[in-house]
Every structure is written in C-alpha cells, then in structure tokens.
Amino acid sequence: MEYQYGNDKNYEDFASGRVLHNYKGITNFPARLAQEIFGRCLKYSHKKSDICLYDCCCGGGYMLTVLGFMNVQIISEIIGSDINPDAVYKAQNNLELLHTDGLNKRMEQIRELSREYGKESHEEALQSAIKLHKKLEGSNIITRVFTANVFENLILNKTPDIIITDVPYGEIVTWEGADNGNIDLLLDSLYSICNNETVIGICMDKSQKNTNDKFQRLEKQQIGKRRFEILKRR
Ligand SMILES: C[S@@+](CC[C@H](N)C(=O)[O-])C[C@H]1O[C@@H](n2cnc3c(N)ncnc32)[C@H](O)[C@@H]1O
C-alpha cells in the first residue's frame, strides 16, 4: 500500500508516553497508519468537516487522541467505548489532552518532572506539548467515552460520520464479552448505529475475515501484519 494521507513526516510529538499517556498493558496504534485510514475514510464521506468520529474498541484512546490532534479543524466530536472500564478511564485521560485545560495540566506535570529530574526527555516532551497546544488554537472538539461491550445493544445517541477501530488480534488483547467474537458479529452490531453515509475503517490482522454482506467493501489494504478495510452499509 502506498501512503496517500499519512505523510512521511516525523510523528514523534505523538509518541506514547511523551505527551500522550502511555499505559502498561494497553496497546497503541501507529500514528501514520491511523491518519492514512482516516484520510481514506474521509475520501468516501459525503461530509468533509464537522466530523463525528467513533471507535468502539478504543482501548486507552491513543488512536482517537492522535487523530483529534491531526484533524483538529475537521473533527467536531470524538466518541470512544471499550469493554474494559480501566481502558475507558485511560482513554478519558488521553482525550482530555484535546482540550486546552487538559493539555495545560499535562504541561504542568511535565514541567514538574523536568524540575525534579532535569532529563532531556522531559524538555523534548515539553516542546512537543507546545506544538500540540498550538494545534488546538480555536478548536473545540467534544469528547465522550463510555464502557460498552460492542456485541451488546450499542447506544450512541448520535450517528457517527466515521468509525475507525483496531480490533483485538489475540496477542496482547483478545475479544471479551462474546464466546467467539469476530469481525462479522462486530459489523452486525455496528449496523444499527450507522446510516448509509457512515464510513467504517476497520483494522485487523491477516487471520481475521469480513464476510458480512450487509456492508459493501470500498477498499481492502495490507500493511505489514495488519489489514484494513473501508466499508459502508449497503
Ligand atoms: C487493539 S486494542 C485497541 C487499541 C486502541 N486502538 C488504541 O489506540 O489504544 C482492542 C481493544 O478492544 C477491546 N475489546 C475487546 N473485546 C471488546 C468488546 N467485546 N467490546 C468492546 N471492546 C472490546 C479491548 O479491551 C482493547 O482495549
């Protein structure tokens, strides 16, 4: 796959643990690939601004937060949910960084660490935070996270324009809340919260298959051990 939207730039400002929080046992997602999937979804979306973005397996919210910073001018709302309440708490902490108050608090935390330990990494983190702070100027992204099993009666109170999700692959995290969770069941669940305009970018590994005929496949791409598909309801 050739990148079309995830530029070959330096993504170190988004490195996990630098400004965005890094949590043990919680997986992240490559920032460049997230931006590529978002760009491709946006290409198929009839809406190009005021986007409501949802991730139904948001983990610690790393991907959602990175996408928020990179697309601050066109995303107006970010919603995340996960079956694991601890992950949801962590996602909340990461998504707070998309609000000036939350980022100011994080900057103060980094300054304190820098005063206490005087490490170069803290100074670098502060420089990254200043750049991220600039990105937020004039923005007002609404963020919301909640605990939910994606296989059970999802209620969102809003139809998302774009859903991007990175499902469990079974190495670090596995499906929970269903005896045999799979992509087809996940799509059955998402069907009810989408309309015909919602674009879904779903990232999985090579062993996972989508055979759900309620959705049409707009794209199928492979990158390393990951695959992603872009779908819309039929
Ligand atoms: C690969 S991780 C997602 C990482 C995330 N994209 C990020 O950037 O941090 C997959 C997530 O799916 C969640 N999960 C597993 N079973 C689920 C279910 N039935 N409903 C909702 N989330 C589930 C796990 O708790 C885990 O956080």
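Further up the page is the structure itself.
What counts, and where the lines are drawn
Residues numbered from 1 in each chain as written. Predicted model: local features only at pLDDT ≥ 70, side-chain atom pairs only at ≥ 80, totals over all residues. Heavy atoms only, no water. Near = heavy atom within 4 Å. Polar contact = N/O pair within 3.5 Å; in protein donor to acceptor, adjacent residues only side chain to side chain. Areas by Shrake-Rupley, 256 points an atom, 1.4 Å probe, with all protein chains shown as cover. Nonpolar A, V, L, I, M, F, W, Y, C, P; charged D, E, K, R; others polar. Helix = DSSP H or I, 4+ residues; strand = E, 2+ residues; numbered from the N terminus. Axes fitted to C-alpha atoms, helices over the stretch in contact; angles between N-to-C directions. Parallel < 35°, antiparallel > 145°, perpendicular 65-115°, else oblique. Left-handed = near helix turned anticlockwise from the far one by under 90°. Contact = heavy atoms within 4.5 Å. Core = buried A, V, L, I, M, F, W, Y, C linked by side-chain atoms within 4.5 Å. Buried < 20%, exposed > 50% of the residue type's maximum accessible area, 1.4 Å probe, protein only. Phe/Tyr/Trp six-rings, centres within 6.5 Å; stacked < 30°, edge-to-face > 60°. Lys NZ or Arg CZ within 6 Å of the ring centre and 35° of its normal.

Asks: Before we move on, can you summarise the site of the ligand with the specific residues and values?
Replies: The immediate surroundings of the ligand are formed by 24 residues, with T27, D82, N149, V150 and E176 found nearest. Contacts to the ligand include I83, whose backbone N or O atom sits 3.3 Å from a nitrogen atom. Between the ligand and V150 there is a distance of 2.9 Å, counted from a nitrogen atom to a backbone nitrogen or oxygen. Bound to the protein, the ligand loses 97% of the 610 Å² it would expose on its own. By residue class, the composition of the shell around the ligand is 13 nonpolar, seven polar and four charged.

Asks: Give a detailed account of the environment of R18, specifying residues and quantitative values.
Replies: Relative to the helices and strands, R18 resides in the segment before α1 (31-44). It is 32 Å that separates the C-alpha atoms of R18 and K158, two residues lying 140 residues apart in sequence. A polar atom in the side chain of R18 sits 3.4 Å from the backbone oxygen of E12.

Asks: Please provide a residue-by-residue account of the packing of α1 against helix α2 (residues 62-70), values included.
Replies: Here α1 crosses α2 at 70 degrees, and the two axes come no closer than 10 Å. Judged on the interaxial angle alone, α2 and α1 are roughly perpendicular. α1 and α2 meet at a crossing whose hand is right-handed. In this structure, α1 uses A31, A34, Q35 and F38 to contact α2, whose residues at the interface are Y62, M63, V66, L67 and M70.

Asks: Can you break down the side chain of E229 residue by residue, with the values?
Replies: Mapped onto the secondary structure, E229 falls in strand β7 (residues 226-233). Among the polar contacts made by the side chain of E229, one reaches the side chain of R217 at a distance of 2.9 Å. Polar side-chain contacts of E229 include one of 3.3 Å to the side chain of R227. Residues in contact with E229, not counting those within four places in the same chain, are I200, G201, I202, M204, N210, R217, E219 and K220.

Asks: Got a sec to walk through the nonpolar core? Specific residues and values, please.
Replies: Generally speaking, soluble globular proteins have nonpolar side chains that are buried together. F14, F69 and I164 are the most contacted members of the largest nonpolar core, which has 47 residues in total. Once you skip the residues sitting within four places of it in the chain, F14 turns out to touch L20, A31, Y62, V66, F69, M70, L132 and K135. With 25 residues, the next largest nonpolar core counts W175, C194, I200 and F215 among its residues.

Asks: Tell me about the packing of aromatic side chains, and name the residues and values.
Replies: This structure, assessed with the given rule, holds three aromatic pairs. Centroid distance Y191 to F215: 5.8 Å. Interplanar angle 90 degrees. Geometry classified as edge-to-face. One end of the pair, Y191, is in helix α6 (residues 183-191); the other, F215, is in strand β6 (residues 215-223), with 24 residues separating them in the sequence. Directly above the aromatic system of Y191 lies the positively charged group of R233, at a separation of 4.1 Å from the ring centroid.

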